[in-house]
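Each chain, letter by letter, is given below.
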Amino acid sequence: MDFPIGIFDSGIGGLTVYSAIRRRLPGNRILYLGDTARVPYGTKSTQTIIKYSIENTAFLLRRGVRLVVVACNTSSAVSLPSLQSQVPVPVVGVIRPGAASAVSRSRSRRIGVLGTEATIRSQAYLRALKELDPNVRVFMQACPLFVPLVEEGWLDHDVTRRVASIYLGGMRTHDIDTLVLGCTHYPLIKGAIADALELDGGGRVDVIDSADAAADQVADMATAVDGGAGLSEFFVTDSAARFRRVAELFLGKLRGTVTEVDVVHD
Ligand code: DGL
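Residues numbered from 1 in each chain as written. Predicted model: local features only at pLDDT ≥ 70, side-chain atom pairs only at ≥ 80, totals over all residues. Heavy atoms only, no water.

K.L.:
What exactly am I supposed to notice about the site of the ligand here?
P.N.:
In the region of the ligand, 14 residues are neighbours, and D9, S10, Y41, G42 and T74 sit closest. The separation between an oxygen atom of the ligand and a polar side-chain atom of S10 is 2.6 Å. In this structure, Y41 approaches the ligand through a main-chain N or O atom, which is 2.7 Å from an oxygen atom. Surface burial for the ligand is 99%, taken as the share of its 290 Å² of free accessible area covered by protein chains. When its residues are assigned to classes, the shell around the ligand shows six nonpolar, seven polar and one charged. (Near = heavy atom within 4 Å. Polar contact = N/O pair within 3.5 Å; in protein donor to acceptor, adjacent residues only side chain to side chain. Areas by Shrake-Rupley, 256 points an atom, 1.4 Å probe, with all protein chains shown as cover. Nonpolar A, V, L, I, M, F, W, Y, C, P; charged D, E, K, R; others polar.)

K.L.:
Which parts of the structure should I look at to understand the packing of aromatic side chains?
P.N.:
One pair of aromatic rings is described through two measures. These are the centre distance and the angle between the planes. What the rule picks out here adds up to nine aromatic pairs. Residues F146 and Y186 carry aromatic rings whose centres are separated by 5.2 Å and whose planes lie at 90° to one another, so their mutual orientation is edge-to-face. Taken together, the positions of F146 in helix α7 (residues 146-151) and Y186 in the loop between β7 (178-182) and α10 (190-198) put the pair 40 residues apart, joining distant regions of the chain. Residue F146 is classed as buried on the basis of its relative accessible area of 0%. (Phe/Tyr/Trp six-rings, centres within 6.5 Å; stacked < 30°, edge-to-face > 60°. Helix = DSSP H or I, 4+ residues; strand = E, 2+ residues; numbered from the N terminus. Buried < 20%, exposed > 50% of the residue type's maximum accessible area, 1.4 Å probe, protein only.)

K.L.:
Help me out: how do you make sense of the layout of surface pockets in this one?
P.N.:
Which parts of space are left empty comes out when a probe the size of a water molecule is rolled across the atoms. The computed volume of the largest pocket comes to approximately 230 Å³. S76, A77, L80, P81, Q84, I95, R96, A124, R127, A128 and E131 together form the lining of the largest pocket. Only α3 (73-86), α4 (95-105) and α6 (124-132) provide two or more residues apiece to the lining of the largest pocket. In terms of residue count, α3 provides more of the lining of the largest pocket than any other element does, five residues in total. When grouped by side-chain class, the residues that make up the lining of the largest pocket number six nonpolar, two polar and three charged. (1 Å grid on protein atoms, 1.4 Å probe; cavity = no way out; pocket = protein on both sides within 12 Å on 5 of 7 lines; lining within 4 Å. Points joined across faces, edges and corners; volume = space filled by probe spheres on them.)

K.L.:
Would you take a moment to explain empty space enclosed by the protein for this structure?
P.N.:
Under the criterion given, the structure shown has one cavity of 30 Å³ or more. There is about 40 Å³ of room inside the largest cavity. Taken together, T16, V17, A71, N73, V94, L181, C183, T184, P187, D209, S210 and A211 make up the full set of residues lining the largest cavity. Counting only elements with at least two residues in the lining of the largest cavity, the list comes to α1 (15-24) and α11 (210-221). Looking at the lining of the largest cavity, its residues break down into seven nonpolar, four polar and one charged.

K.L.:
Sorry if this is basic, but what is going on with the sheet that holds β7 here?
P.N.:
In a beta sheet, neighbouring strands are held together by backbone hydrogen bonds and run either parallel or antiparallel to one another. If you walk across this open sheet you meet the four strands as β6-β5-β7-β8, and the pairing is parallel. Of all the strands in the sheet, the pair left with one neighbour each is β6 (137-142) and β8 (206-209). Between one strand and the next, the sheet's axes are offset by a mean angle of 20°, whatever the strand orientation. One ladder, built from five bridges, connects strand β5 (residues 110-115) with β7; its direction is parallel. The residue of β7 that forms the bridge with L114 is L181. (Pairing = 2+ DSSP bridges. Axes fitted to C-alpha atoms, helices over the stretch in contact; angles between N-to-C directions.)

K.L.:
I'm lost on the nonpolar core in this one. Help?
P.N.:
In a soluble, globular protein the nonpolar side chains are often hidden away together inside. In terms of nonpolar packing, the biggest core is built from 56 residues, with L114 and F146 touching the most fellow members. Beyond its immediate chain neighbours, meaning those up to four positions away, F146 contacts L114, V163, A164, Y167, Y186, I189 and I193. Listed in part, the 23 residues of the second largest apolar core include I49, A99, A118 and A124. (Core = buried A, V, L, I, M, F, W, Y, C linked by side-chain atoms within 4.5 Å. Contact = heavy atoms within 4.5 Å.)

K.L.:
Is there a simple way to explain unusual backbone geometry in this structure?
P.N.:
Trans peptide bonds make up the majority, and among non-glycine residues the majority have a negative phi. Following V39, the chain continues into P40 via a peptide bond in cis, with omega recorded as 0°. Residue position: P40 is located in the loop between β2 (30-34) and α2 (46-62). In this structure, R109 is a non-glycine residue whose phi angle is positive, near 60°. For R109, the location among the structural elements is in the loop between α4 and β5. Residue R109 is classed as partly exposed on the basis of its relative accessible area, which comes to 37%. One non-glycine residue, D175, adopts positive backbone phi at about 60°.

K.L.:
I tried to follow the sheet that holds β2 on my own but got confused; where do I start?
P.N.:
Read across the open sheet, the six strands follow the order β4-β3-β1-β2-β9-β10; overall the sheet is parallel. The outermost strands of the open sheet, each flanked by one partner alone, are β4 (91-92) and β10 (257-260). In the sheet, β2 pairs with strand β9 (residues 232-236) via five bridges, with the strands oriented parallel. Note that in β9 the partner of I30 across the bridge is S232.

The quantities given are spatial measurements derived from coordinates; they are silent on function.
Written out as structure tokens, the structure is:
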């Protein structure tokens, strides 16, 4: 029995989602596509993000995946309905699971959301949170510098802490009790983000990683392959060597092949 799972992201950050899924489904084959030639998606137009997302999904479907995970928050925010209406297998995004986890954990119903420009502009988290609980107050902040800082490997760095403190200055005044990390890269600087929120000595803020929440949903929907080899195949649209280097910088040894592909023609 085989139940391969396809995951795509604009680049490397979706490996946070990959790791969370791998922990829950150790025996399944996982195909991960990182669109490293066209990253970042977070600063692109809706139309372009949808086009890339459709091409990435078609690539994974040609390789026989039985479930597609849109690990990229930006793609999930903008293109999930288009994908779900066109694709013959289930498509799971990260927005709804992240929002559900936030609503279930927030007591004050004051929730913060951080994301890329495109994710915040789409208001997808706002809609998902309000659908789940119309009484929540939602405070959103785009943090465009976080992605390049993470890709530079500056996870525990003064500059990252300073940038986090500037971005979260407004958030600190909103008295939130829950914060959604609405971008694949942000869990990797969770420490800097949490520290920036606590500067005023306020109460503890529950920081939600939508990667974990999405992985729980995938584990519920997928057929687990017990005793399977748990093979991982990584595909990238540019520079396999850079992908492996940066990935291993923050996630440790990458177990699986990394192949460069042309996502439209291969
Ligand atoms: N993967 C993107 C996200 O989760 C971040 C990187 C990008 O802008 O492409 O929103």
